[in-house]
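Structural description and commentary
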Amino acid sequence: MLDRMEEFNGDKWIEEFEAITKDAERVQRESLRKILEDNGSAEYLQSLGLNGRTDPESYKACVPLVTHKELEPYIQRIVDGDSSPILTGKPITTISLSSGTTQGKPKFVPFNEELMETTVQIYKTSFAFRNREFPVGNGKALQFIYSSKQFKTKGGLAAGTATTNVFRSSQYKKTMKALQTPCCSPDEVIFGPDFHQSLYCHLLCGLIFREEIQLISSTFAHSLLHAFRTFEQVWEELCADIRTGVLSNRITVPSIRTAMSKLLKPNPEQADLIYEKCSGLSNWCGLIPEIFPNVKYIYGIMTGSMEPYLKKLRQYAGEVPLMSADYGSSEGWIGANINPKLPPELATYVVLPNIGYFEFLPLSENTGDQDQDKTEPTFLCVDSKPVGLTEVKIGEEYEIIVTNFAGLYRYRLGDVVTIVGFHNSTPELKFVYRRNLLLTINIDKNTEKDLQLSVEEAAKVLAGEKLEVVDFTSLVDVSTEPGHYVIFWELNGEGSEEVLRECCNRLDQSFVDAGYVSSRKVNTIGALELRIVRRGTFQKILDHFLALGAAVSQFKTPRYVGPTNGMVLQILCSNVVKSYFSTAFK
Ligand code: AMP
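Quick caveat, the model's predicted, so the values are computed rather than measured.

Thresholds, definitions, all that
- Residues numbered from 1 in each chain as written.
- Predicted model: local features only at pLDDT ≥ 70, side-chain atom pairs only at ≥ 80, totals over all residues.
- Heavy atoms only, no water.
- Helix = DSSP H or I, 4+ residues; strand = E, 2+ residues; numbered from the N terminus.
- Buried < 20%, exposed > 50% of the residue type's maximum accessible area, 1.4 Å probe, protein only.
- Contact = heavy atoms within 4.5 Å.
- Axes fitted to C-alpha atoms, helices over the stretch in contact; angles between N-to-C directions.
- Parallel < 35°, antiparallel > 145°, perpendicular 65-115°, else oblique.
- Left-handed = near helix turned anticlockwise from the far one by under 90°.
- UniProt positions renumbered as here; feature names shortened; annotations may be inferred.
- 1 Å grid on protein atoms, 1.4 Å probe; cavity = no way out; pocket = protein on both sides within 12 Å on 5 of 7 lines; lining within 4 Å.
- Points joined across faces, edges and corners; volume = space filled by probe spheres on them.
- Nonpolar A, V, L, I, M, F, W, Y, C, P; charged D, E, K, R; others polar.
- Pairing = 2+ DSSP bridges.

Inspection of the secondary structure assignment puts Val109 in strand S2 (residues 108–111). You can call Val109 buried: its relative accessible area is 0%. Note: C-alpha distance between Val109 and Ser98 (11 residues apart in sequence) is 7.2 Å. Ignoring any residue separated from it by four or fewer positions in sequence, one finds Val109 in contact with His68, Ile95, Ser96, Ser330, Glu331 and Tyr411.

In this section: the packing of helix H12 (residues 221–244) against helix H16 (residues 310–317). Packed helices, taken two at a time, are described by their axes: the angle between them and the distance between them. Taken N-terminus to C-terminus, the directions of H12 and H16 make an angle of 55°; their axes are 10 Å apart at the nearest point. Taken together, H12 and H16 sit at an angle that is classed as oblique. The way H12 lies across H16 gives a crossing that is left-handed. Facing H12, whose interface residues are Ala221, Leu224, Leu225, Phe228, Arg229 and Glu232, H16 presents Lys312, Leu313 and Tyr316.

Turning next to the UniProt feature "domain: GH3 C-terminal" (unreviewed entry) in the chain. Using the residue numbers shown here, the UniProt feature "domain: GH3 C-terminal" (unreviewed entry) corresponds to residues 449–561. A helix fraction of 42% and a strand fraction of 19% characterise residues 449–561, whose end C-alpha atoms lie 15 Å from each other.

Attention shifts here to empty space enclosed by the protein. Under the definition given, this model contains 4 cavities of 30 Å³ or more. Considered as a void within the structure, the second largest cavity measures approximately 40 Å³ in volume. Partitioning the lining of the second largest cavity into residue classes produces 6 nonpolar, 3 polar and 2 charged.

In this section: the pairing of strand S1 (residues 94–97). Here S1 shows two buried faces, one formed by Thr94 and Ser96 and the other by Ile95 and Leu97. Across 4 bridges, S1 lies against strand S5 (residues 158–161) in parallel orientation. Across the sheet, the residue bridging to Ile95 is Ala159, located in S5.

As structure tokens, this is what we get:
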């Protein structure tokens, strides 16, 4: 016990967190100074004429706001093996692949030790708060975590998804051990080459250690849901493995077989018990507490594009609380969830002022810049001046701009957040949507969130038929005149014509944006189209991204399929089984 306390002192961690958040402005200046001093010799910074200055004013005056596109030539040189100081003082040796599900292909971003340290810091911070409210005992975590394909770039740098880089790090393992929650699966399972086999073995390990499991987690909630949907299909096979002590022959990777054989012993009583518990459930409600009696909470990123999965996840979770994990990206962490008691729908993130330098670009509709010809709504075209971390205003929406310890300077992350309050002097924010995910044809503007709300509303029509939307996405079809929205749905069963027609109308009516409604009324936007795709279509989309080097751990279903996402579009279109046009505005 004493040992454990020495390893991780949550109170001390919280104390330190309180101190840095009370002094956020100074800590931000300090972070910027450190970043610019460490990397002052980098070609990128040298070319911008900072001449050794490290204050925010000079920084903002000299360094432009950029997107990934502007930094791509620099990053490419690093990827190709140029080890001169390009973006950072010390050479970058590892590259992260962001999930890239919105653009259609993964993006490369630099990763280094400093980013790893911020990862550990944020994990420990939110854990300290979480553990104060929901203490875990000494046990194990059932973690649905997976590695991406790791490869060497042309220039010899190690490349993999950011989560893979993190999971591989010895510092990560040490941290998880200190937090009393080592993963119940062996490394061979986490880093196995075949995601389907890894998932099966994660489930099997979970069952083997079921009484020790203290928490269930994944990076994003999608993987949690995917895991339990898979459980519904393979549970009998899992029971058979436990009964006989012989691993299913679906596991073919030798290293996984060897590792699992050390854990799997014949245990007919346990198999019978699990079998009985599963057979006794109705529609799998309460599966998690039934099988894992000591689980304290379920943890993973549950906000933003993950929200649509919460309803189904709650079915599995029963009374066990769902908790959203922290907010970050391959480009670096941003904020920690320090209010673990809040349900994920209300989760907020407190920005850590010492893990990077943050600016916020205000998004405001009232700019007076009403150019009707613009293809994007004006509120997304505003390039007003970014404000500092402590200058943001409650209730306002901003795009986040990141300067990190791994060579990104004033980098537009593309995420929109709203400020809901302050924790001491650092803002507490809510994730709103990804800026480039937007359905727009003329004066309409619908965000990822609007789409989600509309789908939720329309899905209510399915409830009577005991049907659920497994997953969904959208596109704007301007090949017709006028253009119209297309929504793709995968369902868990067959819906009647009548119900699906009603769903289609309901989708159309549930986009309440004034621009959309008025355009629909005068038919400058055509009738919304609902296309139902075959079961398994979204699994094919996941497989497609995995083949590109993405990892399940970071997978986010693209909620909008843009023109650059040709392969996803092809998968969707070739799996359409039915399509309906709304008659809502007739
Ligand atoms: P990746 O591109 O795989 O690095 O994923 C990073 C992106 O995932 C972020 O830019 C956000 O859009 C999204 N994301 C990460 N954390 C959260 C969170 N807590 N809530 C909502 N979205 C998140």
